[in-house]
Amino acid sequence: MICQVIDGIFDQLYIHQVDSLIRDIPLSTNNIANRKTWPYGNEGSHRLLGQILFDRSSINNIKTLKPETETFFKMFEVIEDKLKAYFYLSQISLNVQHSGCDGTTHCDSPDSYDHTILLMTNSIWEKEWGGQFQLIENDKVIEEHEYVPRRVILLPSKHPHRGLGPNCPYVYRSSVVFRVTPLDYYLRKTYPGH
């Protein structure tokens, strides 16, 4: 398996609170995968509803920091402790999909050291609603994971993947994505010789 899957890190009550917080975050359609234009990146393979909650281009240059982010920083630290790994966190984003809104295959980073940590944040989910997370290779699904509340999936960011929208109307699939680089690699790359 390419993905590492961890279930049950967070209490069910806590995910209910996070789910409620997410429902109050304003969404836009600027969450674009496979951006192919410059300088704004307004064109790509698909758009999801979402929000970038935290984004930085370097250790000292934070471009976006939404008020709701504190909750997700705490969750990220718990995930790091569970993985026994420490990361440079470059972005936290919220993705929301509705019926008929499947993501297209995309990669989150071309760097082989970068990782994506996906947290499934719906507090209630029925298996028949779909919403699977898929890894793709040569246009074929090679690994698929059910949408399960509280599930955490760690994968190499350069591996092609996609999330499927729910297959029933009026249900919304939400996930929080942490884009990370192992801290030791980031420091060696950014500050060579130190």
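Our structure is the block above this text.
Residues numbered from 1 in each chain as written. Predicted model: local features only at pLDDT ≥ 70, side-chain atom pairs only at ≥ 80, totals over all residues. Heavy atoms only, no water.

Some words on unusual backbone geometry
Alright, step 1. In this chain, Trp38 is followed by Pro39 through a cis amide linkage whose omega measures 10°.
Alright, step 2. The topology assignment puts Pro39 in the loop between β2 (28–33) and β3 (46–58).
Alright, step 3. One non-glycine residue, Asn138, adopts positive backbone phi at about 50°.
Alright, step 4. Here Asn138 is to be found in the loop between β7 (133–137) and β8 (140–145).
Alright, step 5. Positive phi, close to 80°, is recorded for Arg150, a residue that is not glycine.
Alright, step 6. Its place among the elements puts Arg150 in the loop between β8 and β9 (152–156).
Alright, step 7. You can call Arg150 partly exposed: its relative accessible area is 23%. (Helix = DSSP H or I, 4+ residues; strand = E, 2+ residues; numbered from the N terminus. Buried < 20%, exposed > 50% of the residue type's maximum accessible area, 1.4 Å probe, protein only.)

A closer look at the pattern of salt bridges
Alright, step 1. In the structure shown here, the tally under the stated rule is 7 salt bridges.
Alright, step 2. Arg151 serves as the salt-bridge partner of Asp7, at 2.8 Å between the closest nitrogen and oxygen. In this pair, Asp7 sits in the loop between β1 (4–6) and α1 (12–23) while Arg151 sits in the loop between β8 and β9, placing the two residues 144 residues apart along the sequence.
Alright, step 3. In this structure, Lys63 engages Asp55 in a salt bridge whose closest nitrogen and oxygen atoms are separated by 3.4 Å.
Alright, step 4. Note on Lys63: relative accessible area 54%, which makes it exposed.
Alright, step 5. Judged by relative accessible area, Asp55 falls into the buried class, the value being 13%. (Salt bridge = Lys/Arg side-chain N within 4 Å of Asp/Glu carboxyl O.)

What to know about the environment of Tyr185
Alright, step 1. Tracing the backbone shows Tyr185 in helix α3 (residues 183–190).
Alright, step 2. Tyr185 sits in the buried class, given a relative accessible area of 15%.
Alright, step 3. Not counting the four nearest positions on each side in its chain, Tyr185 is found in contact with Asp111 and Tyr113.
Alright, step 4. Separated by 3.4 Å, the side chains of Tyr185 and Asp111 make a polar contact. (Contact = heavy atoms within 4.5 Å. Polar contact = N/O pair within 3.5 Å; in protein donor to acceptor, adjacent residues only side chain to side chain.)

Brief notes about the side chain of Ser174
Alright, step 1. Of note, Ser174 is situated in strand β11 (residues 173–182).
Alright, step 2. Look at Ser174 and you get buried, because its relative accessible area is 4%.
Alright, step 3. At a separation of 2.7 Å, a polar atom in the side chain of Ser174 contacts the side chain of Thr121.
Alright, step 4. Once residues lying within four places of it in the same chain are set aside, the contact partners of Ser174 are Ile22, Leu94, Asn95, Val96, Leu119, Met120, Thr121, Asn122 and Tyr147.

So, the sheet that holds β8
Alright, step 1. Strand order in this open sheet of 3 strands is β8-β7-β10, and the pairing throughout is antiparallel. Looking at which strands have only one partner, the edges of the open sheet turn out to be β8 and β10 (161–163). Neighbour-to-neighbour, the strand axes of the sheet open up by a mean angle of 25°, direction not taken into account. (Pairing = 2+ DSSP bridges. Axes fitted to C-alpha atoms, helices over the stretch in contact; angles between N-to-C directions.)

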